[in-house]
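The primary structure of each chain is shown beneath.
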Amino acid sequence: MKYLKDIGSYFLMLKRVFSSFTKSAVLKKLIFKEIDDLIIGSMPIVAFISFFVGGVIAIQTALNIDNPLIPEYLVGFATRQSIILEFAPTFISIIMAGKVGSFITSSIGSMRVTEQIDALEVMGINSLNYLVFPKIVALLLYPFVIAVAMFLGILGGWVAGVYGGFSTSAAFIQGLQEDFIPFHIIYAFIKTFVFAFILATVPSWQGYFMKGGALEVGKASTTSFVWTSVLIILANYIVTQLLLS
Amino acid sequence: MIKVDNIRKRFGEEEILKGITTTFDKGKTNLIIGQSGSGKTVLLKCLIGLFQPEEGLIYFEDKILQEMNEEEHRVLREDLGMLFQGGALFDSMTIEENVMFPLRMFTTQKKSEMLERVNEVLKRVNLENVNKKYPAEISGGMQKRVSIARAIVNNPKYLFCDEPNSGLDPKTAIVIDNLIQEITHEYNITTIVVTHDMNSVMEIGEKIVFLKNGTLVWQGTNEEIFKTDNEDVTSFVYSSDLFKKIRDIQIKEQ
Ligand SMILES: Nc1ncnc2c1ncn2[C@@H]1O[C@H](COP(=O)(O)OP(=O)(O)O)[C@@H](O)[C@H]1O
Ligand SMILES: [Mg+2]
């Protein structure tokens, strides 16, 4: 029962996010601020994780295929597949649920408990549009983050594979090109858009409807991470089932 | 003038406001007092439209809030200023941006005109040279003053204050109270202040409404409040030792 009510409040929230718009000059400024906070601000950690995890994927693959019958280019091939299909879109999104998601929940939640949201409403501003819409627009750039994660992940794999002596550069690059299915990229970016929407709206919803004080803001951030990551994993399953099987 | 007529508000099973009828006068500081949890904030939030009462009518002059259309609501909102309990300044904006915010939302003034008005009201609340600071960088009393500046920047006809001196030292609290009263008289505003502070009652209580468990049990002025026999009121007024002592001295003198 409680879950049904929660889900209801989420969809009602979405409806209000896209109604009675704030002045466009004001929204424009808010959108740029969100791009800075949510997208640009996430680049360093995403870059760092992608590069090193890409490297580890290459090393693990190489160590597990000691069999001389298996072609050397498999290292590049496996790195490409795991990074494009799962690591970059899904794994990075879970990390973003921790970073961006809890940032969104705690910033909106603290605006709730300090009555800043009431202050907006008294001035006749649709606070949901004011707070959430710019985040959704900013996260339309999220696929760009994932593209960078893909590139750096593969680069990390190449560096670790070649300089670690697990593969020659030529074999690695051959692996990257082997059996390349362009639809996989489309699949990955469709997922990314779905995850971006979850990342923008679920943490906002958790923060917006929270009650209590500073302590509850912390709890809401944790709950928000659980909801967001569970929904990302479920959405991943559904999208994969729909598009790849 | 604001008039409320038999307002009822419930949350779930619990009735928080149990039929409140009173008027708040223009050009006066009207106080809503009572213990914590008596429904003061809920009443205030009904007046500013954040909560919808289930029953009863709210009049702004001769217009009924519940019967206003979208356009009338918009016009009314421009006339409302609200000072929230914690200040509710936007912490991602500078002081200047905070005070300018209602002007950006409601008017089409040029930036320079807005800035001029912002400086004028900041000066009115005795704050200068803080324009570029963020709320977290100034003291609680200064935050309250910025909040007052933001509430009055668009020349409201109605000013609502929720516990304007909570969290302030007694001296700063009196400064804030007096500022609210001066502004009320200066601009002939209908001001409603929620408080549980007896000092405010003495300083600025031109009209006082006393709530207990969501019911209005007494109303009058700050002179009358010390003379009433209403037990709820006297036990509230004389809950502090200081006021008990003052009463004893007065009785002895008589
Ligand atoms: N949004 C809300 N939902 C449910 N109950 C509320 C809400 N706001 C206030 N209440 C309840 O209403 C009662 C009166 O609260 P309030 O008006 O804040 O008291 P105070 O007189 O201290 O300002 C309290 O019991 C509070 O729990
Ligand atoms: Mg209160």
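This report concerns the structure included in the present document. Note that this is a predicted model, so its numbers are computed, not measured.

Residue and element names in this part refer to chain B. Two numbers describe how helix α3 (residues 95-106) lies on helix α4 (residues 111-124): the axes approach to 9 Å, and their chain directions differ by 120°. Here the hand of the crossing between α3 and α4 comes out right-handed. Every residue of α4 that contacts α3 at I95, E96, V99, M100, L103 and R104 is listed here: K111, M114, L115, R117, V118, V121 and L122. Taken together, the residues of the contact of α3 with α4 sort by class into nine nonpolar, no polar and four charged.

Moving on: the state of the cysteines. In the structure shown here, the tally under the stated rule is zero disulfides over all chains. Lacking any disulfide linkage, C46 of chain B is separated from the closest cysteine sulfur, that of C161 of chain B, by 17 Å.

Another aspect to go through is the layout of surface pockets. Rolled over the atoms, a probe sized like a water molecule indicates the empty space that remains. Roughly 1,600 Å³ of internal volume is contained in the largest pocket. Surrounding the largest pocket, 47 residues form its lining, R16, E121 and V122 of chain A together with G49 and L50 of chain B being those nearest its centre. Residue assignment for the lining of the largest pocket shows that the elements contributing at least two residues are α4 (74-113) and α5 (116-122) of chain A together with β1 (2-11), α1 (40-47), α2 (70-78) and α3 of chain B. Grouping the amino acids of the lining of the largest pocket by side-chain chemistry returns 23 nonpolar, 11 polar and 13 charged.

We now examine the site of ligand 1. Residue and element names in this part refer to chain B. Inspection of the region around ligand 1 gives F11, I16, Q35, S36, G37, S38, G39, K40, T41, V42 and F51 as its neighbouring residues. Between ligand 1 and G39, the relevant distance is 3.1 Å, taken from an oxygen atom to a main-chain nitrogen or oxygen of the residue. V42 is positioned with one of its backbone polar atoms (N or O) 3.0 Å from an oxygen atom of ligand 1. Protein chains bury 62% of the 560 Å² of accessible surface belonging to ligand 1 in isolation. With three residues, the single largest contributor to the shell around ligand 1 is α1. Taken together, the residues of the shell around ligand 1 sort by class into four nonpolar, six polar and one charged.

With that settled, consider the interface of chain A and chain B. Counting residues at the interface gives 18 residues for chain A, matched by 22 residues for chain B. In this assembly, chain A packs against chain B so that about 1,700 Å² is buried in total across both faces, 64% of it on carbon and sulfur atoms. On the chain A side of the contact with chain B, E115, V122 and M123 of chain A bury the most area, a combined 38% of that side's loss. Taken together, chain A and chain B are joined by two salt bridges. In this structure, K45 of chain B and D118 of chain A form a salt bridge, with 3.1 Å as the shortest nitrogen-oxygen distance. Viewed at the interface, chain B and chain A are joined by seven residue pairs in polar contact (both at pLDDT 80 or more). For the side of chain A that touches chain B, the secondary-structure elements that each account for two or more residues are α2 (24-39) and α5 of chain A.

Another aspect to go through is the sheet that holds strand β6 (residues 80-83) of chain B. Residues and elements named next belong to chain B. Spatially, β6-β7-β8-β3-β9-β10 is the arrangement adopted by the six strands of the open sheet, whose pairing is mixed. On the outer flanks of this sheet lie β6 and β10 (215-220), each paired with one strand and no other. For this sheet, the mean angle separating the axes of adjacent strands, direction not counted, is 15°. Alignment of strand β9 (residues 207-212) against β10, held across five bridges, turns out to be antiparallel. When the sheet's bridge partners are listed, K212 is paired in β10 with T215.

Residue and element names in this part refer to chain A. Taken N-terminus to C-terminus, the directions of helix α7 (residues 142-163) and helix α8 (residues 169-177) make an angle of 150°; their axes are 9 Å apart at the nearest point. Here the hand of the crossing between α7 and α8 comes out right-handed. Residues I154, G157, W158 and V162 of α7 form the contact with α8, whose own contacting residues are S169, F172, I173 and L176.

Scanning all chains against the criterion turns up two cavities of 30 Å³ or more. Looking at the largest cavity, its volume works out to about 180 Å³. Forming the walls of the largest cavity are 16 residues, and the residues nearest its centre are M123 of chain A together with L80, G81, M82 and R150 of chain B. For the lining of the largest cavity, the elements supplying multiple residues, two or more each, are α5 of chain A together with α2, β6, α3 and α5 (140-152) of chain B. Within the lining of the largest cavity, the residues separate by chemical class into 10 nonpolar, three polar and three charged. Its boundaries defined by the atoms lining it, the second largest cavity holds a volume of some 30 Å³. Lining the second largest cavity are R80, Q81, I84, F180, I181 and H184 of chain A. The element best represented in the lining of the second largest cavity is α4 of chain A, accounting for three residues. For the lining of the second largest cavity, a count of residues per class yields three nonpolar, two polar and one charged.

Below, the discussion takes up the sheet that holds strand β4 (residues 55-60) of chain B. Pairing in this open sheet of four strands is antiparallel, and the strands run β2-β1-β4-β5 (chain B) from one edge to the other. Looking at the sheet topology across the chains shown, the edges are occupied by β2 (14-24) and β5 (63-64) of chain B.

Residue and element names in this part refer to chain A. Taken together, I181, F183, I186, I190, V194 and L244 make up a surface patch of nonpolar side chains, about 450 Å² in accessible area. At four residues, the largest contribution of residues to the nonpolar patch is made by helix α9 (residues 182-208). Structurally, V194 can be placed in helix α9.

Cut-offs used in this document
Residues numbered from 1 in each chain as written. Chains lettered and ligands numbered in written order. Predicted model: local features only at pLDDT ≥ 70, side-chain atom pairs only at ≥ 80, totals over all residues. Heavy atoms only, no water. Axes fitted to C-alpha atoms, helices over the stretch in contact; angles between N-to-C directions. Helix = DSSP H or I, 4+ residues; strand = E, 2+ residues; numbered from the N terminus. Left-handed = near helix turned anticlockwise from the far one by under 90°. Contact = heavy atoms within 4.5 Å. Nonpolar A, V, L, I, M, F, W, Y, C, P; charged D, E, K, R; others polar. Disulfide = S-S within 2.5 Å. 1 Å grid on protein atoms, 1.4 Å probe; cavity = no way out; pocket = protein on both sides within 12 Å on 5 of 7 lines; lining within 4 Å. Points joined across faces, edges and corners; volume = space filled by probe spheres on them. Near = heavy atom within 4 Å. Polar contact = N/O pair within 3.5 Å; in protein donor to acceptor, adjacent residues only side chain to side chain. Areas by Shrake-Rupley, 256 points an atom, 1.4 Å probe, with all protein chains shown as cover. Buried area = accessible area lost by both parts, 1.4 Å probe. Salt bridge = Lys/Arg side-chain N within 4 Å of Asp/Glu carboxyl O. Pairing = 2+ DSSP bridges. Patch = residues over 30% accessible without salt bridge, like charges linked within 9 Å, V, L, I, M, F, W, Y side chains within 5 Å.

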